[in-house]
Amino acid sequence: MTAPSADPAVGDTLRLTVGKVAAGGHCVARYEGQVVFVRHALPGEVVDATVTEVKRGFLRADAVVVHTASADRVPPPCRYAGPGRCGGCDWQHATPAAQRRLKADVLAELLVRLGKLTPEQVDALQVTVAELPGGPLDWRTRVRYAVDRAGRAGLRAHRSHRIVEIDACPIATPAVRELPVTDRGWRPGSELSVVSSTAGDPAVLEHREVPAGRGRDRRRTRTVTRLVYGEETVVERAIGTEFELPAEAFWQVHPAAADTFAATALELLAPRAGERAYDLYGGAGLFAVALARAVGDGGTVTLVESHPGAADAARHNVRELPRVEVVAGRVERVLPALGPADLVLLDPPRAGAGRTVVEQIVAATPRAVCYVACDPAALARDTATFTELGWRLSRLRGFDAFPMTQHVECVALFEPAGASPAGRTDPALPSTGRPEDVPGEER
Ligand SMILES: C[S@@+](CC[C@H](N)C(=O)[O-])C[C@H]1O[C@@H](n2cnc3c(N)ncnc32)[C@H](O)[C@@H]1O
């Protein structure tokens, strides 16, 4: 071990006692009063950690020797995991149960720090992260590879452009691992999306950045995608239905996720026959189909999706549900014109909904909002906005839809503060809960 000064530099090795987990796949330690975010460590451990980055006010470091190991520590099942190696996974060195506890702790911390909830409010939510069926390996139906200068496909090191050559990723499904990717040469600098759908359809797509135009515009780039293997359109199976979608469009990555999130959303929203529902950021129509069945023939569902291919796919996937309308466009532009709704489901990308969209949702005066979130920090920020606008986060479910990584999926229920919980019959509400059924009520 080097003997670092009070101002450690990259490459110095520090003896650290590791504290709590923090968002980002690392734990917090202190060295001479400075915060150190330590990867490859677990709370309570004593480690030697090599400094990888010096930032204003904090350091990053990788645990390289473990002197006192946590009871939760296990040997990483992947030979590419570890300091300086593949950056795809964060918690290969923790038992699956410990990974779920770490994610629940992060979720609770974010809800206080960014969500502005009190610790008591967070305790009342009883935040847990549930396992999905299938175990911690062999679950990833979609993998994004980067291609190095020599044309070899690999995965990026943590916070780096460096590409780690691998021959097989153990969290990918066996079908994804078998696709012809790591055993051949590719165009240097390109990226590859590798898909094997739940119905078994394979696809390998190559993405390249090319100049957006001539002259000055050469500096701007646009992404060109081409299918190099398999199918342009893949079929995904969920909620007893086959969904067709372009191979490049979004679908839940874990094979059990779509069924689990759709069932949880319905349980939290408790849709009633005849209700009007919005499926925002609706992709190829998973939640719209689930909601349409739940609100029945007298109800309506409006799906809003900005990716033209996904919106076309959604139109195809809801073709037998005439009360579902698909609007291709950006939620923030489309939503203000849609008018009131009884229920809103939103499943935004990692950035979350943001203030404008949360305000638009509240202005639609739904009785309940289900928020499916792949980034708990964005969910927490949007929670603070809902609270400011007089709403409350009334239920929250975490799911370990990305085992071995720091990522966690949440399904949350927001309701107007003071409303009785969704799904319970409130004698003050009419049976359908629709605005036109409420005498004298203005929306
Ligand atoms: C996390 S995915 C959810 C898709 C779908 N709900 C599902 O579960 O399959 C987010 C979706 O939002 C779309 N999207 C991103 N930004 C958007 C925006 N501003 N307005 C509408 N859709 C958007 C993406 O194309 C993507 O299909």
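As recorded in an unreviewed UniProt entry, the chain goes by Putative RNA methyltransferase and comes from Actinocatenispora comari.

A. Looking closely at the overall build of the chain. A tally of helices and strands in the chain yields 9 helices and 22 strands. With the C-alpha coordinates aligned to their principal axes, the bounding extent of the chain is approximately 75 × 50 × 50 Å. Among the 443 residues that make up the chain, the fraction classed as buried is 52%. Considering only contacts within the chain whose residues lie at least 6 apart along the sequence, 61% involve residues at least 24 apart. Carbon and sulfur atoms make up 51% of the accessible area of the chain, which amounts to about 20,100 Å² in all. Computed over 53 positive and 55 negative side-chain charges, the separation of the two mean positions in the chain equals 6 Å.

B. Focus on the sheet that holds strand 3 (residues 26-31). Spatially, 6 strands are ordered 1-5-6-4-3-2 in an open sheet, and the strand pairing comes out mixed. Each edge of the open sheet is held by one strand with a lone partner, namely strand 1 (13-17) and strand 2 (21-22). Bridge count between strand 3 and strand 4 (residues 34-39): 5 bridges; the pairing is antiparallel. Bridge pairing links Val28 to Phe37 in strand 4.

C. Here's a closer look at the nonpolar core. Grouped together as the largest cluster of nonpolar side chains are 73 residues, with contacts concentrated most on Tyr145 and Val181. Here this core gathers at least three residues from each of two domains, domain 2 (142-232) and domain 3 (254-437). Of all hydrophobic cores here, the second largest spans 63 residues; its members include Val21, Leu338, Ala353 and Cys410.

D. Up close: the site of the ligand. Taken together, 16 residues lie around the ligand, and Gln252, Tyr281, Glu305, Val331 and Asp347 are the ones closest in. Interatomic distance of 2.6 Å between a side-chain N/O atom of Glu305 and an oxygen atom of the ligand. Arg330 is positioned such that a nitrogen or oxygen atom in its side chain is 3.3 Å from a nitrogen atom of the ligand. For the ligand, the accessible surface in isolation is 600 Å², of which the surrounding protein chains cover 89%. Of the residues that constitute the shell around the ligand, the class distribution is 6 nonpolar, 6 polar and 4 charged.

E. Just the domain arrangement of the chain, in detail. Under the domain assignment, the chain is made up of domain 1 (1-72), domain 2 (142-232) and domain 3 (254-437). Once you take the C-alpha centre of each, domain 1 and domain 3 turn out to be 40 Å apart.

F. Highlighting the pattern of salt bridges. Taken as a whole and assessed by the stated rule, the structure comprises 31 salt bridges. Residue Arg15 pairs with Asp48 through a salt bridge whose shortest N-O separation is 2.5 Å. Residue Arg15 is found in strand 1, and its partner Asp48 is found in strand 5 (residues 46-55); the two are separated by 33 residues along the sequence. According to the relative accessible area criterion, Arg15 is partly exposed, its value standing at 43%.

G. Structural view of the packing of helix 4 (residues 257-269) against helix 5 (residues 286-295). Put simply, helix 4 and helix 5 touch, their axes get as near as 10 Å, and they point 40° apart. Relative to helix 5, the element helix 4 lies oblique. Between helix 4 and helix 5 the crossing geometry is right-handed. Across the interface between the two elements, Ala258, Phe261, Ala262, Ala265, Leu266 and Leu269 from helix 4 touch Leu286, Phe287, Ala290, Leu291 and Ala294 from helix 5. Classifying every residue of the contact of helix 4 with helix 5 by side-chain character gives 11 nonpolar, no polar and no charged.

H. Quick peek at helix 1 (residues 96-113). Over its 18 residues, helix 1 runs 26 Å from end to end, which matches the ideal 26 Å to within 8%, given 1.5 Å per residue. Listed in full, the buried residues belonging to helix 1 are Ala98, Gln99, Arg100, Leu102, Lys103, Ala104, Val106, Leu107, Leu110 and Leu111. Looking at the buried side of helix 1, the elements it contacts are strand 2, helix 2 (119-125), strand 7 (129-131), helix 9 (376-388), strand 21 (391-400) and strand 22 (409-416).

I. Representation of empty space enclosed by the protein in the model. Under the criterion given, the structure shown has 2 cavities of 30 Å³ or more. The volume enclosed by the largest cavity comes to roughly 60 Å³. In terms of lining, the largest cavity is formed by Pro96, Arg100, Glu131, Leu132, Gly135, Pro136, His254, Asp400 and Pro403. Its residues assigned to classes, the lining of the largest cavity comprises 4 nonpolar, 2 polar and 3 charged. The computed volume of the second largest cavity comes to approximately 40 Å³. Among the residues making up the lining of the second largest cavity, the classes are represented as 7 nonpolar, 1 polar and 2 charged.

J. Structural view of the UniProt feature "active site" (unreviewed entry) in the chain. UniProt records the feature "active site" (unreviewed entry) at Cys374, using the numbering of this structure. Assignment of secondary structure puts Cys374 in the loop between strand 20 (368-373) and helix 9.

K. Quick peek at unusual backbone geometry. Phi angles above zero are rare outside glycine, and Gln126 is one such case at about 50°. Here the phi dihedral of Tyr281 falls at roughly 60°; this positive angle occurs in a residue that is not glycine. On the basis of relative accessibility, which here comes to 18%, the residue Tyr281 falls in the buried class.

Scoring rules and cut-offs
- Residues numbered from 1 in each chain as written.
- Predicted model: local features only at pLDDT ≥ 70, side-chain atom pairs only at ≥ 80, totals over all residues.
- Heavy atoms only, no water.
- Helix = DSSP H or I, 4+ residues; strand = E, 2+ residues; numbered from the N terminus.
- Buried < 20%, exposed > 50% of the residue type's maximum accessible area, 1.4 Å probe, protein only.
- Contact = heavy atoms within 4.5 Å.
- Areas by Shrake-Rupley, 256 points an atom, 1.4 Å probe, with all protein chains shown as cover.
- Lys, Arg positive; Asp, Glu negative; His and termini not counted.
- Charge placed at Lys NZ, Arg CZ, Asp CG, Glu CD.
- Pairing = 2+ DSSP bridges.
- Core = buried A, V, L, I, M, F, W, Y, C linked by side-chain atoms within 4.5 Å.
- Domains from an automatic or database assignment.
- Near = heavy atom within 4 Å.
- Polar contact = N/O pair within 3.5 Å; in protein donor to acceptor, adjacent residues only side chain to side chain.
- Nonpolar A, V, L, I, M, F, W, Y, C, P; charged D, E, K, R; others polar.
- Salt bridge = Lys/Arg side-chain N within 4 Å of Asp/Glu carboxyl O.
- Axes fitted to C-alpha atoms, helices over the stretch in contact; angles between N-to-C directions.
- Parallel < 35°, antiparallel > 145°, perpendicular 65-115°, else oblique.
- Left-handed = near helix turned anticlockwise from the far one by under 90°.
- Expected span 1.5 Å × (residues − 1).
- 1 Å grid on protein atoms, 1.4 Å probe; cavity = no way out; pocket = protein on both sides within 12 Å on 5 of 7 lines; lining within 4 Å.
- Points joined across faces, edges and corners; volume = space filled by probe spheres on them.
- UniProt positions renumbered as here; feature names shortened; annotations may be inferred.

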